[in-house]
Amino acid sequence: MRFHPSTHLCLGECPDQTSQDRGKKRKHSCRKKLNQPCVMRSMPMSSGVELWGKTVGLYLKFPHIDVNVFDIKLQEFFLLLRLDYTRQMAEEFLRFYHCKNTGFRTKVFHLGYSNATIDELGQHFKLSPTTLKRMFVEEFGLSPQKWMMQQKCRYIYNDILQQELTLQDIVKRYGFSSISYLCQFCRKNFGYTPQQIRKSNRLPAYEQH
């Protein structure tokens, strides 16, 4: 199973990494070099998680489902892990997915979509550009620029699916100079024009898993 970093994982509060945890990480990194597993990556499937997977599969069959539904389902998944498994098993399984820098993901997600520059983001988080870039890569596997572009794509795609918004509304919201430039952006990043996306009601590729 794959999922993107989420604040639902730790309910908005990442556990502190003690010096003992950091020592374990060093041992894990050594074991990884020997091609040995360093974290629990699989568990027996509970009846609750199995049912959850079936409902997600059903949602994927309906093209008109709002993408926010899958964020809710992700929250439900993490709750099921805590209900269906022992605390030790759930924590061991989720250990790999927690923030490497305590609370950083929550702060980033609360920021939402932003056109800010790296320097402006650094000022917002009170971090140097170098430290900010390192933390983004550690948490999201992406540079701040690529992560912000990914978020911009997500927000724009979701807004295009909202029929009550006109394309001109979206142009103004995201600072495009014209609908023509919005169309170019969509062709480049999604492979479709806004009209084609709206007509098909298809989910973006990164939301289809």
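Here's a quick rundown of the structure. Just so we're clear, the structure is a prediction, and the values are computed from it rather than from any experiment.

The rules behind each value
Residues numbered from 1 in each chain as written. Predicted model: local features only at pLDDT ≥ 70, side-chain atom pairs only at ≥ 80, totals over all residues. Heavy atoms only, no water. Helix = DSSP H or I, 4+ residues; strand = E, 2+ residues; numbered from the N terminus. Contact = heavy atoms within 4.5 Å. Areas by Shrake-Rupley, 256 points an atom, 1.4 Å probe, with all protein chains shown as cover. Salt bridge = Lys/Arg side-chain N within 4 Å of Asp/Glu carboxyl O. Buried < 20%, exposed > 50% of the residue type's maximum accessible area, 1.4 Å probe, protein only. Core = buried A, V, L, I, M, F, W, Y, C linked by side-chain atoms within 4.5 Å. Phe/Tyr/Trp six-rings, centres within 6.5 Å; stacked < 30°, edge-to-face > 60°. 1 Å grid on protein atoms, 1.4 Å probe; cavity = no way out; pocket = protein on both sides within 12 Å on 5 of 7 lines; lining within 4 Å. Points joined across faces, edges and corners; volume = space filled by probe spheres on them. Nonpolar A, V, L, I, M, F, W, Y, C, P; charged D, E, K, R; others polar. Axes fitted to C-alpha atoms, helices over the stretch in contact; angles between N-to-C directions. Parallel < 35°, antiparallel > 145°, perpendicular 65-115°, else oblique.

### Digging into the overall build of the protein
- Within the protein, the secondary structure is distributed over 11 helices and zero strands.
- Helices (α) and strands (β) of the protein occur, in sequence order from the N terminus, as α-α-α-α-α-α-α-α-α-α-α.
- Put simply, 67% of the contacts in the protein that link residues at least 6 apart link residues at least 24 apart.
- Element-wise, carbon and sulfur atoms account for 54% of the exposed surface of the protein, whose accessible area totals about 13200 Å².

### Quick notes on the pattern of salt bridges
- A full pass over the atoms with the stated rule returns three salt bridges.
- A salt bridge links K73 to E76, with the nearest nitrogen and oxygen atoms 2.7 Å apart. Residue K73 and its partner E76 are both found in helix α3 (residues 68–84); the two are separated by three residues, about one turn of the helix.
- Of the residues examined, K73 reaches a relative accessible area of 8% and is grouped as buried.
- Put simply, R134 and E138 hold a salt bridge, and the shortest N to O gap is 3.1 Å. Here R134 and its partner E138 are both found in helix α7 (residues 129–140), four residues apart, which amounts to about one turn of the helix.
- Take E138: its relative accessible area is 30%, and that puts it in the partly exposed class.

### Comments concerning the nonpolar core
- I156, I170, F176, L182 and F190 are the most contacted members of the largest nonpolar core, which totals 17 residues.
- Secondary structure elements with two or more residues in this core: α8 (144–161), α9 (167–173) and α10 (179–190).
- For this core, the element with the highest residue contribution is α8, accounting for five residues.
- Ignoring anything within four residues of it in the chain, the contact list for I156 reads I170, Y174, F176, L182 and F185.

### Describing the packing of aromatic side chains
- Applying the stated rule across the entire model yields 10 aromatic pairs.
- Plain terms: the ring middles of F104 and F125 are 5.6 Å apart, the flat faces sit at 45° to each other, and that makes the pair tilted. Of the two residues, F104 sits in helix α5 (residues 104–111) while F125 sits in helix α6 (residues 118–125), which places them 21 residues apart along the sequence.
- The exposure class assigned to F125 is buried, which follows from its relative accessible area of 14%.
- Summarising the aromatic geometry, the rings of F136 and F140 are spaced 5.6 Å apart at their centres and angled 40° between planes, so their arrangement reads as tilted. Taken together, the residues span about one helical turn, with F136 and F140 both in helix α7 at a distance of four residues.

### Regarding empty space enclosed by the protein
- Within this structure, the stated rule accounts for one cavity of 30 Å³ or more.
- The computed volume of the largest cavity comes to approximately 40 Å³.
- L111, G112, Y113, S114, L121, F136, W147, M148 and Q151 are the residues that line the largest cavity.
- Of all the elements, α8 adds the most residues to the lining of the largest cavity, at three residues.
- Tallied by class, residues from the lining of the largest cavity come to six nonpolar, three polar and no charged.

### Things to note about the packing of α6 against α7
- Where α6 contacts α7, the axes come no closer than 9 Å and their chain directions differ by 85°. With respect to α7, the axis of α6 lies roughly perpendicular. For the pair formed by α6 and α7, the contact residues are I118, D119, L121, G122 and F125 on the first element and P129, L132 and K133 on the second.
- Looking at the contact of α6 with α7 residue by residue, the classes come out as five nonpolar, one polar and two charged.

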